[in-house]
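Below are the chains, spelled out letter by letter.
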Amino acid sequence: MRAVFIAGSHTDVGKTWAACAILKAARVKGWSVEAFKPVVSGYLPSVAVTSDPGRLLAALGRDLTDQALEAMSPLRFEAALSPPMAARLEGVTLTLADLLAVCRPVLERQTADLLLVEGAGGVMSPMAEDATGLDLQLALGLPTILVGGAYLGGVSHTLTALEVLRSRGLAVLGIVVSQSADPDAPDFPQTVAAIARFAGEVPVLAAPRDDETWASALL
C-alpha cells in the first residue's frame, strides 16, 4: 500500500485538482486507487458534483451517490470557512480525535496501490479546534505531496510550508506548482524555477491548468 497526504501551501491553490490529476494518471498506469478527504467546508449538496469530494469521485471513475460521498468525505459543512469555524456554525465541535476516528479506519483497511488523503486549506490552517493541518499529518505519519500556487507571494508560501514539513520530520515526495488563473500573476516558469532553486532535493513539478501530463512524473 502507498498512502500519501496531499497538503497545500495556502487555501485554493489547487489541491483537489492536483489530486484528481494524480489519481487519473495512476489509473492509466493500471494502478488501483483510492482517495479520502476527511473534512470539507464550503460544501453545498445542490452542487455536489463540483465539490471537492464530487471531483475526487469522478477522478476515481465512480458515481456520485450519497454512500460514495459519505465514504469520501464523512465530515461536510456548508460555510466556506476553516473546518472548525464551519462546524461551529452547525453546532459541532470538531476535534483532532474526530478526524483521526474517520481517517484511521480508512488507512487500516486500505489495500489499493495508491491512496490519497487530502487536507483542507494550507499546512498550518486550522483543521479542528485543537489541531492544524500539520497536526493531522503528524498524527497520520504519511509522506506528503505539497501543492503550491503561482500567485504573487506563492513562492514564499510554498517554501515556508516546505520548511515546516521538513522541520517536523515529514517526508515530502514532491512539490506541485499550480498555475494561477490570474493573468497578472508572475511569470509561471520563473515562479517554478524560483521554488526549485530553494527546494533542495525535493522534485518540483510545473502544473499548467490546461495540462495534467505532469502527474505521471510523481508515480
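As the structure is a computational prediction, the values presented were derived from the model and not from experiment.

A.B. asks: Looking at this structure, I do not really get the environment of arginine 27. What am I missing?
C.D. replies: Among the secondary structure elements, arginine 27 is positioned in helix 1 (residues 15-28). A residue is classified by how much of its surface remains accessible, and arginine 27, at 40% relative accessible area, is partly exposed. Put simply, arginine 27 and threonine 144 are 117 residues apart on the chain and 20 Å apart in space, counted from C-alpha to C-alpha. Look past the residues within four positions of arginine 27 in its chain and what remains in contact with it is Val33, Ala58, Ala59, Leu60 and Gly61.

A.B. asks: Would you mind showing me how to read the sheet that holds strand 1 (residues 3-8) here?
C.D. replies: Each strand in a sheet pairs with another by means of backbone hydrogen bonds, the pair being arranged parallel or else antiparallel. Strand order in the open sheet formed by 6 strands is 2-5-1-8-9-10, with parallel pairing between adjacent strands. Each having just a single partner strand, strand 2 (33-36) and strand 10 (204-207) make up the two edges of the open sheet. Taken over all neighbouring pairs, the strand axes of this sheet differ in orientation by 25 degrees on average, direction set aside. Here 4 bridges tie strand 1 to strand 8 (residues 144-149), and the two strands are oriented parallel to one another. Among the inter-strand pairings, alanine 7 is bridged to a residue of strand 8, identified as leucine 146. Its contacts with the sheet put helix 7 (residues 154-167) on strand 8 and strand 9 (172-178), and the angle it makes with strand 8 is roughly 160 degrees. Its contacts with the sheet place helix 8 (residues 188-198) against strand 9 and strand 10, and it is angled at close to 165 degrees to strand 10.

Scoring rules and cut-offs
Residues numbered from 1 in each chain as written. Predicted model: local features only at pLDDT ≥ 70, side-chain atom pairs only at ≥ 80, totals over all residues. Heavy atoms only, no water. Helix = DSSP H or I, 4+ residues; strand = E, 2+ residues; numbered from the N terminus. Buried < 20%, exposed > 50% of the residue type's maximum accessible area, 1.4 Å probe, protein only. Contact = heavy atoms within 4.5 Å. Pairing = 2+ DSSP bridges. Axes fitted to C-alpha atoms, helices over the stretch in contact; angles between N-to-C directions.

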